[in-house]
Amino acid sequence: MESILFLAHTEADGTLAKSALETLGAARTLAAALPGATLIAGLAGAQLQPAAGQIAGCGATRFLGATGPDFGFPRYGSDVAAAEAIARAAAATLVVAPATSRWNRALAGAAQRLAGRIDAHVTGVAVANGQPSASRWYYRQRMEGTLTRTARPWILLLEPGCAPPWAGAPGQPDIEVVPVALTAAHRRTTVTGVKAPPADEQTIRPDARLLFVAGAGWTKKQPDGQAHAIEAERLILEFLRRTQASLGSTKSLVDLSGEGQAVLSCLSHLNQVGQTGSTPRHPKGLATCCHGEEPHTVGWRFIPERRAINLNPSCGWAQGKADVLYVADAFAVLRRVNELLAARG
Ligand SMILES: Cc1cc2nc3c(=O)[nH]c(=O)nc-3n(C[C@H](O)[C@H](O)[C@H](O)COP(=O)(O)OP(=O)(O)OC[C@H]3O[C@@H](n4cnc5c(N)ncnc54)[C@H](O)[C@@H]3O)c2cc1C
């Protein structure tokens, strides 16, 4: 019989993030489908009551926690020790955890210490023939594989956006504090602060409803014989500010900076979508000034509704892969769209 541990870390305010609640939903699916399985909640954080209260009604039989100032920030040494201690206290055979940067870094080490196995980038869990299975994509999201393992404990890191977040009645469950013996070596790293761009400069927004992909056409010579990169940047940033869309880019556009050409300063390689970039999950996508296969196929692999703006009516990828192709000047379209958005207030 499986002992399923939902393992999450809290956010700065002590609550659980959406990705953790999605993972809890997946852990509950496994617990419901595996005969005799138990569900245990394991939490790590500076304070645990807000998070435990949030998921009080999730059906967990126990709430285990590693708590204290040492667990209030991401640090490999203390995180791996906390995960190991909680998994041992739960006698976990399956550990389902959100694929946050914090857990992605620490849980492989926990698997090693527990003599278990780990699979990252999991996009779904299921039960077939009484056995739990995990699915994930291979070869840059072109092939989906389903795998099972006999080794236990088996740790699964679930990607965000792959399951509906669990929601239920709050409460005040009792938390069993799990002792974690930390030595000076665990505490060798000290987090002194976080440097991040202001929220309105942050252009990658995984939860946005729209992914706006900018292609190299934004920096190319336009019908007047001139490039208009500064205006392009202004139009794109205004559009992003008004819609709170997430900004993706083609490889050609981010690579231009290395060639000393006019570029959009708001872009970095982190914005790149495609085979050698990311494959984000947003309900809608709008590709602008893109010709390539990448933005229209691989980068959009998980975007259900896709539109493109291109001057070239023969752009084969836009015709073949976009649901709607606007044959138009993206500068003119965005200027007008921004006006309409401004008028809406
Ligand atoms: C191994 C490998 C990996 C790769 N990985 C990636 C990847 O991860 N991501 C990626 O993006 N690419 C990747 N590429 C490159 C990819 O195949 C394409 O070359 C690239 O995506 C093309 O970029 P683009 O569409 O921005 O630029 P272009 O091909 O230069 O297209 C510009 C487009 O803008 C249009 N345009 C110009 N002005 C306007 C205007 N005013 N209004 C509307 N449209 C306008 C033009 O008609 C044209 O269609 C990879 C290539 C290789 C070989």
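See the structure above.
Quick caveat, the model's predicted, so the values are computed rather than measured.

Enquirer: Now, about the packing of helix α5 (residues 229-243) against helix α9 (residues 330-344): what can you tell me, with residues and values included?
Expert: Closest axis-to-axis distance for the α5/α9 pair is 10 Å, and the angle between their directions is 35°. Once α5 is placed against α9, the crossing between them reads as left-handed. Residues E231, A232, L235, I236, E238, F239, R242 and T243 of α5 pack against F331, L334, R335, V337, N338, L341 and A342 of α9. Split into classes, the residues belonging to the contact of α5 with α9 amount to 9 nonpolar, 2 polar and 4 charged.

Enquirer: So, a nonpolar patch on the surface: which residues are in play, and what are the values?
Expert: Taken together, the side chains of Y138, Y139 and M143 define a hydrophobic patch exposed on the protein surface, amounting to about 340 Å² of accessible area. Among the secondary structure elements, M143 is positioned in strand β7 (residues 143-147). Given a relative accessible area of 49%, M143 falls into the partly exposed group.

Enquirer: Explain the site of the ligand to me, and be specific about the residues and the numbers.
Expert: The immediate surroundings of the ligand are formed by 28 residues, with A216, T250, V273, T276 and H291 found nearest. The contact in question runs from a nitrogen atom of the ligand to an N or O atom on the backbone of V273, over 2.6 Å. Protein burial of the ligand: of its 1000 Å² of free accessible surface, 74% is covered by the chains. Those elements that provide at least two residues to the shell around the ligand are α6 (251-255), α7 (293-296), β13 (305-310) and α9. Classifying every residue of the shell around the ligand by side-chain character gives 10 nonpolar, 14 polar and 4 charged.

Enquirer: I'd love a proper account of the side chain of T123, names of residues and values included.
Expert: Position of T123 among the secondary structure elements: in strand β5 (residues 117-128). Excluding residues within four positions of it along the chain, T123 makes contact with S135, R136, W137, E144, L158, E159, C162 and R281.

Enquirer: Before we move on, could you go through the nonpolar core and cite the residues and values that matter?
Expert: By size, the foremost hydrophobic cluster in this structure holds 34 residues, and its most contacted members are I4, F6, L16 and I55. Secondary structure elements with two or more residues in this core: β1 (3-9), α1 (18-33), β2 (38-45), α2 (49-54), β4 (94-98), β5 and β8 (154-158). Broken down by element, the residue count for this core peaks at 7 residues, all from α1. Ignoring any residue separated from it by four or fewer positions in sequence, one finds L16 in contact with F6, A8, H9, T10, E11, L21, L43, A51, Q54 and I55.

The rules behind the values
Residues numbered from 1 in each chain as written. Predicted model: local features only at pLDDT ≥ 70, side-chain atom pairs only at ≥ 80, totals over all residues. Heavy atoms only, no water. Axes fitted to C-alpha atoms, helices over the stretch in contact; angles between N-to-C directions. Helix = DSSP H or I, 4+ residues; strand = E, 2+ residues; numbered from the N terminus. Left-handed = near helix turned anticlockwise from the far one by under 90°. Contact = heavy atoms within 4.5 Å. Nonpolar A, V, L, I, M, F, W, Y, C, P; charged D, E, K, R; others polar. Patch = residues over 30% accessible without salt bridge, like charges linked within 9 Å, V, L, I, M, F, W, Y side chains within 5 Å. Areas by Shrake-Rupley, 256 points an atom, 1.4 Å probe, with all protein chains shown as cover. Salt bridge = Lys/Arg side-chain N within 4 Å of Asp/Glu carboxyl O. Buried < 20%, exposed > 50% of the residue type's maximum accessible area, 1.4 Å probe, protein only. Near = heavy atom within 4 Å. Polar contact = N/O pair within 3.5 Å; in protein donor to acceptor, adjacent residues only side chain to side chain. Core = buried A, V, L, I, M, F, W, Y, C linked by side-chain atoms within 4.5 Å.

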